Amino acid sequence: MAGFLAKTDPEMAELIAAEKKRRQEGLEMIPSENHTSPAVLEALASILNDKYAEGYPSKRYYGGNVVIDQVEKLVIERAKKLFGVPHANVQPYSGSPANFAVYLAVCENGDVIMGQNLSDGGHLTHGAKVNASARFFQSVPYHLREDGYLDMEEVRRLALEHKPKLIWCGATAYSREIPFEEFGKIADEVGAYLAADIAHIAGLVIGEVHKSPAPFVHIITTTTHKTLRGPRGAMIMVTEKGMKKDPELGQRIDKAVFPAGVQGGPHEHQIAAIGVALKEASEPAFTEYSKQVVKNARTLSQELMNRELKIVSGGTDNHLMVLDLTLHGKGLGIFLEEALDMAGITVNKNTVPQEFSSPFYPSGVRLGTPAITTRGMKENEMAQIGGYIAQVVNEIKAFSLPDDKEGRIAYLKDAKKRMKESAVIKKVREEVKELCGKFPIP
Ligand code: DSN
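Residues numbered from 1 in each chain as written. Predicted model: local features only at pLDDT ≥ 70, side-chain atom pairs only at ≥ 80, totals over all residues. Heavy atoms only, no water.

### Details of the overall build of the chain
Alright, step 1. Counting its regular elements, the chain contains 18 helices and 15 strands.
Alright, step 2. Oriented by its inertia axes, the alpha-carbon framework of the chain measures out at about 60 × 60 × 45 Å.
Alright, step 3. Summarising the internal contacts of the chain: among those between residues at least 6 apart in sequence, 72% fall at separations of at least 24.
Alright, step 4. Summed over its atoms, the accessible surface of the chain is roughly 19400 Å², and 54% of this surface lies on carbon and sulfur atoms.
Alright, step 5. Measuring between centres, the 54 positive side-chain charges of the chain sit 1 Å from its 56 negative side-chain charges. (Helix = DSSP H or I, 4+ residues; strand = E, 2+ residues; numbered from the N terminus. Contact = heavy atoms within 4.5 Å. Areas by Shrake-Rupley, 256 points an atom, 1.4 Å probe, with all protein chains shown as cover. Lys, Arg positive; Asp, Glu negative; His and termini not counted. Charge placed at Lys NZ, Arg CZ, Asp CG, Glu CD.)

See the structure below:
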């Protein structure tokens, strides 16, 4: 197939080549990103893209789905086996529609739901104020303790007080093991459905470096493109425990995805690519990969702390960490994101617990090791990268975010100019490029 795009649309082909070069020459450290395999990308770019298949295997609203049915059934079986669950829906376009389908399946408009607070590392769809999940449901957020760990006493207290219909566990910027068992006991005590959103840690669960939620929760949602290293996409699974609570739960989830929810025709090319990722994740090499992801994250967080940098909760159990810059000032996340970008290290600015700035100008950055581990980097490289990050932090820590909004834009513009002139950042950029040259992306 290669070569068609360059002929048909050279402009687009060039942009894609430029992005490939950027990824090859830089360190991708946004913890929700990864480098997918050529096999996954081949399935994703396949002819399955062309087919409409509303409905489910053997119950479609369109003809011509003999092969598509086999594809989807194969992926469902792989998901069920790998996660140890009796029911899987592999059609959600991505994580947010998957989570919305869970609400549609188990809640009525106005029900109380609980989830981890956004600036404490929770996800938008778990009841954040700006999201539909707080518009249609009464959202009661739970928080982290001062030490950066989940406050499970608060979770229990709030659950007893508000009697939620649904509790979410799982996060988007939390570096510690999720206590699924404790959440399970609390949900049982108040009769709530418990959904684990394992989007970030799905690959770690398969690699057995994070406890599986399956014995403790009723529903599991996950995206497929983070530690799982598949195409963009998502899945919703119902556990044995979920089936016991509600034998119809599988059907209710399926109906909520289609036709009741926000989706139309399933993306069968995406589903096939999820299947390829699940096959890859069932190989022993993937277990080794997951172990290394965690080893690398632990090493990196220690390297950063050795250089007097603060990591939320003082370390990590998984693939990510949140670097808290509040010791140096307010709202420095955006400065560090920019400066690291210039140095060839991609991270994202992130809120920190008890954030006293705003989500657009937060006081931390989130970074992780899934993608750089896929390239084969190990502990030695983490030490090197920890050194680079610390050098770049030094270059930005004297900046100070102005309080007035107008002033901020001008200040940031000037700060960027100064970062561009920094000899330290330029030098780190060269060293990052050299390091990346030794570790090709797949
Ligand atoms: N955007 C994803 C992340 O970066 O964690 C969550 O949806």
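There's plenty left to go through after this.
### Focus on the side chain of N348
Alright, step 1. With respect to the helices, strands and loops of the structure, N348 is situated in strand 14 (residues 348-350).
Alright, step 2. Side chain to side chain, N348 and N350 meet in a polar contact 3.4 Å long. (Polar contact = N/O pair within 3.5 Å; in protein donor to acceptor, adjacent residues only side chain to side chain.)

### Describing the environment of V428
Alright, step 1. Inspection of the secondary structure assignment puts V428 in helix 18 (residues 423-437).
Alright, step 2. By relative accessible area, V428 is classed as buried at 1%.
Alright, step 3. In this structure, V428 is in contact with A343, Y388, Q391 and V392, ignoring residues within four places of it in sequence. (Buried < 20%, exposed > 50% of the residue type's maximum accessible area, 1.4 Å probe, protein only.)

### Observations concerning a nonpolar patch on the surface
Alright, step 1. A cluster of nonpolar residues, L5, M12, L15 and I16, forms a patch on the protein surface that exposes about 380 Å² of accessible area.
Alright, step 2. Here the nonpolar patch gets three residues from one element, more than from any other, and that element is helix 2 (residues 10-25).
Alright, step 3. Of note, M12 is situated in helix 2.
Alright, step 4. A relative accessible area of 41% places M12 in the partly exposed class. (Patch = residues over 30% accessible without salt bridge, like charges linked within 9 Å, V, L, I, M, F, W, Y side chains within 5 Å. Salt bridge = Lys/Arg side-chain N within 4 Å of Asp/Glu carboxyl O.)

### Re unusual backbone geometry
Alright, step 1. Note that the residue after F258, namely P259, is joined by a cis bond; omega there is 15°.
Alright, step 2. Mapped onto the secondary structure, P259 falls in the loop between helix 11 (249-257) and helix 12 (268-281).
Alright, step 3. Although it is not a glycine, K163 adopts a positive phi angle of roughly 45°.
Alright, step 4. Along the chain, K163 turns up in the loop between helix 7 (152-162) and strand 7 (166-169).
Alright, step 5. Unlike most non-glycine residues, R229 shows phi in positive territory, near 65°.
Alright, step 6. When its relative accessible area of 17% is taken as the criterion, R229 is described as buried.

### With respect to the sheet that holds strand 9 (residues 219-223)
Backbone-to-backbone hydrogen bonds join strands into a sheet, with any given pair of strands oriented parallel or antiparallel.
Alright, step 1. If you trace the seven strands from one edge of the open sheet to the other, you get 4-10-9-8-7-5-6, paired in mixed fashion. Edge positions in the sheet fall to strand 4 (87-89) and strand 6 (138-142), since each of these pairs with one other strand and no more. For this sheet the average axis-to-axis angle between neighbouring strands, irrespective of direction, equals 20°.
Alright, step 2. Strand direction decides the pairing type here: strand 5 (residues 112-116) and strand 7, joined by two bridges, are parallel. Bridging from a neighbouring strand, M114 pairs with I167 of strand 7.
Alright, step 3. Where helix 5 (residues 95-106) meets the sheet, it contacts strand 5, strand 7, strand 8 (193-197), strand 9 and strand 10 (234-238), and its direction lies at approximately 155° from that of strand 7. (Pairing = 2+ DSSP bridges. Axes fitted to C-alpha atoms, helices over the stretch in contact; angles between N-to-C directions.)

### Comments concerning the sheet that holds strand 15 (residues 364-368)
Alright, step 1. If you trace the four strands from one edge of the open sheet to the other, you get 11-12-15-14, paired in antiparallel fashion. In the strand order of this sheet, the two ends are held by strand 11 (310-311) and strand 14, each with one partner.
Alright, step 2. As judged from the two bridges shared by strand 11 and strand 12 (residues 320-324), these two strands associate in the antiparallel manner. Note on strand 12: the bridge partner recorded for I311 is L323.
Alright, step 3. Its contacts with the sheet place helix 13 (residues 284-306) against strand 11, strand 12 and strand 15, and it is angled at close to 15° to strand 12.

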